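Examination of the molecular architecture
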Amino acid sequence: MTSPSRAMNFSSSVKKSEENSCTTSLKNNTLRIYGSLDPVYFADDSDIFVTLETDGAIYGFEAFPIFEAELLEADSDSDFGYSVSIDTTAIPPANYEVYAYVKTGDKYICTAPLAEITIGE
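Parameters and conventions
Residues numbered from 1 in each chain as written. Predicted model: local features only at pLDDT ≥ 70, side-chain atom pairs only at ≥ 80, totals over all residues. Heavy atoms only, no water. Pairing = 2+ DSSP bridges. Helix = DSSP H or I, 4+ residues; strand = E, 2+ residues; numbered from the N terminus. Phe/Tyr/Trp six-rings, centres within 6.5 Å; stacked < 30°, edge-to-face > 60°. Buried < 20%, exposed > 50% of the residue type's maximum accessible area, 1.4 Å probe, protein only. Contact = heavy atoms within 4.5 Å. pLDDT = per-residue confidence, 0-100. Core = buried A, V, L, I, M, F, W, Y, C linked by side-chain atoms within 4.5 Å.

Let us now look at the pairing of strand E6 (residues 57-62). In this sheet, E6 lies alongside strand E1 (residues 5-6) in antiparallel orientation, the contact comprising 2 bridges. By the bridge assignment, arginine 6 is partnered in E6 with glycine 60. Two successive antiparallel strands, strand E5 (residues 47-54) and E6, enclose a turn made up of 2 residues, where aspartate 55 displays a positive phi of approximately 40°.

What follows concerns the packing of aromatic side chains. Evaluated as defined, the whole model comprises 3 aromatic pairs. With centroids separated by 5.0 Å and ring planes inclined at 45°, the aromatic side chains of phenylalanine 42 and phenylalanine 80 adopt a geometry described as tilted. On the criterion of sequence distance, the pair formed by phenylalanine 42 in the loop between strand E4 (30-36) and E5 and phenylalanine 80 in the loop between helix H1 (69-72) and strand E7 (81-87) is long-range, its members being 38 residues apart. Taking the centre distance of 6.3 Å and the plane angle of 50° together, the rings of phenylalanine 49 and tyrosine 108 count as tilted. Linking phenylalanine 49 in strand E5 with tyrosine 108 in strand E9 (residues 107-110), this pair joins segments that are 59 residues apart in sequence. Here phenylalanine 49 falls in the buried class, since its relative accessible area comes to 9%.

Our focus in this paragraph is the environment of phenylalanine 80. Among the residues examined, phenylalanine 80 registers a relative accessible area of 24% and is labelled partly exposed. Once the C-alpha coordinates of phenylalanine 80 and proline 39 are considered, the two residues, 41 residues apart in sequence, prove to be 6.3 Å apart. The residues contacting phenylalanine 80, other than those within four sequence positions of it, are Gly35, Ser36, Leu37, Pro39 and Phe42.

Right, let's talk about unusual backbone geometry for a bit. Even without being a glycine, asparagine 28 presents a positive backbone phi close to 50°. Residue position: asparagine 28 is located in the loop between strand E3 (23-27) and E4. Of note in the backbone geometry, aspartate 55 takes a positive phi value of approximately 40° without being a glycine. With respect to the helices and strands, aspartate 55 occurs in the loop between E5 and E6.

This part covers the environment of tyrosine 34. Secondary-structure assignment places tyrosine 34 in strand E4. With 16 residues separating them along the chain, tyrosine 34 and valine 50 place their C-alpha atoms 9.5 Å apart.

This next bit is on the confidence of the model for the chain. With 84% of its residues at a pLDDT of 70 or more, the chain has an overall mean of 85. Taken element by element, the chain is modelled with least confidence in H1, mean pLDDT 62, and with most confidence in strand E10 (residues 115-119), mean pLDDT 94.

Residues Ile33, Leu37, Leu52 and Tyr82 are the most contacted members of the largest nonpolar core, which totals 24 residues. Secondary-structure elements contributing two or more residues to this core are E4, E5, E7, strand E8 (94-104) and E10. Per-element accounting of this core gives the leading share, 5 residues, to E8. Look past the residues within four positions of leucine 52 in its chain and what remains in contact with it is Leu31, Ile33, Ala57, Ile58, Tyr59, Phe61, Ile86, Ile91, Tyr96, Glu97, Val98 and Ile117.

Okay, here's the thing in structure tokens:
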């Protein structure tokens, strides 16, 4: 199931963490992005969004709060996992930086760039 796209028109604070992880895979026009985030970002009612950003353009997607233990070959589980599946035909070809945003109430916290991915080139 593809992740719903979301308009990302807001300001956010940036919080770097060495605890963040991100894995990407591209197959048959579907981009999978998954990993886990530092628990410091979260409260009980937090939502996660993943963005692809390039040259001022931001494409946002609501993440599923899933820790992909099997794909990450992890021995343990995490309550702070995320996973998105993106139809790459819906975004223009470019080099993108991947970010995660955690929304709690009306505030957003952004990670430092998690990964870089090239689509359609």
